[in-house]
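Each chain, letter by letter, is given below.
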Amino acid sequence: MDDMVILPSNEIDQSGNHSNQKLSSQVSVPEASPTLPLSPPLLLPNDNTINILLVGETGVGKSTFINAFANYLTFHSFEQAESNKPIVIIPVSFIMTIGDNFEERKIKFGDVNNSYNEDFNHPGQSVTQRCKSYVFALKNDNRRQIRIIDTPGFGDTRGLDQDERNMEHTLQYINNLTHLNAICFLLKPNASRLNIFFRTCLIQLFSLLGPTARNNIIFCFTNARSTFYTPGNTAPLLKSMLASSSMNDISFKKENTFCFDSESFRYLVALQNEFPFTNEEKHEYEMSWSTSVKESNRLIDYINKELTVYHIDKGWQSIEHAQFEISYMIRPILETIRNILRNIILCKNSIPNQFIELNSKPLHSTATRCRSCKSDLQQVGKFGFLSIYPHEIQNDCIMCLCTLDQHVPIDYILDYKCSTITSSDLHNRMSDTLNRLCNMSAKLAHFLIHTACSAKDDPFLKGLKEMIVEETYICEIQKPNDFNIQLVQELSKFESQYEQQMNKLESTQENFDLSAIYKLIEIINNYPTVHEQMTAVKKRQRMMIEEHEYEVQKI
């Protein structure tokens, strides 16, 4: 017999069959219906846009390159660029010298002081703080657009931990795209060494994307005027690194290598700051512009004609991807477990007309939940609930004085309402669902800790303990509160059951292959309450990309 769970009345079996059991405001459907998708299809539309992921070391000039590239694609000539304000989609700040005594002048353009995503105040740290995409129209093809995804630089002076966090953020961002046309590594020519994290960056990228994405790698070099628009001494270093990392199948040839010089863009910005130039200097910048425009056109032609689009959403299975899918599911699973326990308590107390139903609402901006701040109490049916007030982070929390480690990112908030249910054998079926979620959650946690090695502590157990603390606090501030007291007891019993399951997995040293983990993810995602919350998560991920996307207007 298929496993059954309770659904709101507006949800039906994906096969179109209604349950024969009688429910006054809800219906039952089989679990693990194969027609439900693994993840709701709420990602960026798979359109004709050319998606280019831009990756490089801190300080290599990714943001300047994007600004320059936008100007190359926007203006039809150097003279047109000179006579208009330059396209500056990312605020810029740099030093230029003037006169025989090399007097320094700081050149700025754009709102540097109020740019949340750019940090110019800490040399050596990645200027770009998070992934952001920029969309340009091709000047010779109104039907095509290019989306360049700017990423935080690696080699951050804050250390490898910060590099790891930046890379994790980048991978999460990529995971919400449908396709990539090119993965562009930006380097400087004549480097004396390649950053140690460069190799790690390649390995982690392909652990998520799969080996065929290697065919979509291109290499771009900035400040290449000094090496006559060649990779210079960086070329043998790059070849050696690829060979030593068993990545000889990654092409590094003239056809997928492009050399630019962003000085002509700096010249355009400096003109706006009334910086003086000689005719000789202007001629040099004009030559720089001409060469860089030719390389830009060659790059676009190469991507259009030579590269096959890499589709991220075509079912490639990887440890990295599974890790992200599980991390998104932790809160939905735990909230589902807590709500099943609420309804089991109501069932035991013969109160079928006040069963609790969850409703997920995606947040419209990046937000966190503060573990330390106490929320207001609300009453829904027999249970007390703590309202969640989203906290916004801008370097520090703007809502409270608590430390950042007390803030947990959230994608959605929950609303609660009462529903009436009349159904036979309801208690047993809810208990069976609870046991299955316990066993499957333990297997996912075991995978995260021992296979993905992405967690030192068990995130499910940590979440359970936080729920017990939260429910205990509700009991303390609202007396009498018999139902929340019972919920604390049931959560504690479930915690013990979960720990026993984890100990069993540890003692048997059981390992799960990747296909088994993906099957577990699929089964859990098909539980309606989990699925509904995951839909909210995916919607929020979609909104996050839109929130950090800038479209360049055509001149």
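Residues numbered from 1 in each chain as written. Predicted model: local features only at pLDDT ≥ 70, side-chain atom pairs only at ≥ 80, totals over all residues. Heavy atoms only, no water.

Under an unreviewed UniProt entry, the name given to the chain is Dynamin N-terminal domain-containing protein, and the source organism is Rotaria sordida.

1. Concerning unusual backbone geometry
Defined as follows: Relative accessibility under 20% of the residue-type maximum defines a buried residue, over 50% an exposed one, and the middle range a partly exposed one, all with a 1.4 Å probe and only protein chains included.
Residue proline 480 is bonded to the preceding lysine 479 through a cis peptide linkage, with omega at -10°. A positive phi angle is found at phenylalanine 228, which is not glycine, with a value near 55°. Look at phenylalanine 228 and you get exposed, because its relative accessible area is 73%. Its identity as a non-glycine residue notwithstanding, asparagine 395 has a phi of 70°, on the positive side.

2. As for the pattern of salt bridges
Under the convention used in this document: By salt bridge we mean one thing: a side-chain nitrogen of Lys or Arg within 4 Å of a carboxyl oxygen of Asp or Glu. Here a helix means four or more residues in a row that DSSP labels H or I, a strand means two or more in a row labelled E, and each is numbered from the N terminus.
Considering all chains together, one arrives at 23 salt bridges under this definition. Note that glutamate 295 and arginine 298 form a salt bridge whose closest N and O atoms lie 3.0 Å from each other. Taken as a pair, glutamate 295 and arginine 298 lie in helix H7 (residues 279-306) at a separation of three residues, close to a single helical turn. Classification of glutamate 295 by relative accessible area gives buried; the value is 11%. When its relative accessible area of 25% is taken as the criterion, arginine 298 is described as partly exposed. A salt bridge links arginine 342 to glutamate 471; its shortest N-O distance comes to 4.0 Å. Placement of arginine 342 in helix H8 (residues 319-348) and of glutamate 471 in helix H10 (residues 459-477) is noted, with a sequence separation of 129 residues between them. You'll find arginine 342 and glutamate 471 in the same group, each marked buried.

3. Overview of the packing of H8 against helix H11 (residues 482-508)
The criterion, for reference: Inter-axis angles, ranging from 0 to 180 degrees, are taken between N-to-C directions of lines fitted to C-alpha atoms, where helices are fitted over the stretch in contact. Oblique is the label for every angle not falling under 35 degrees (roughly parallel), over 145 degrees (roughly antiparallel), or within 65 to 115 degrees (roughly perpendicular). Note: crossing handedness is left-handed where the near helix turns anticlockwise from the far helix by less than a right angle, and right-handed where it turns clockwise. A contact between two residues is defined here by any heavy atoms of the two lying within 4.5 Å. When residues are grouped by polarity, Ala, Val, Leu, Ile, Met, Phe, Trp, Tyr, Cys and Pro land in nonpolar, Asp, Glu, Lys and Arg in charged, and all others, Gly among them, in polar.
Following both chains from N to C, one finds H8 and H11 inclined at 125°, their axes separated by 10 Å at the closest point. Accordingly, the angle class assigned to the pair H8 and H11 is oblique. In this structure, H8 crosses over H11, and the sense of that crossing is right-handed. Note on element contacts: H11 touches H8 through Phe483, Gln486, Leu487, Glu490, Leu491 and Phe494, opposite Ile337, Arg338, Leu341, Arg342, Ile345, Leu346 and Lys348. For the contact of H8 with H11, the per-class residue count stands at eight nonpolar, one polar and four charged.

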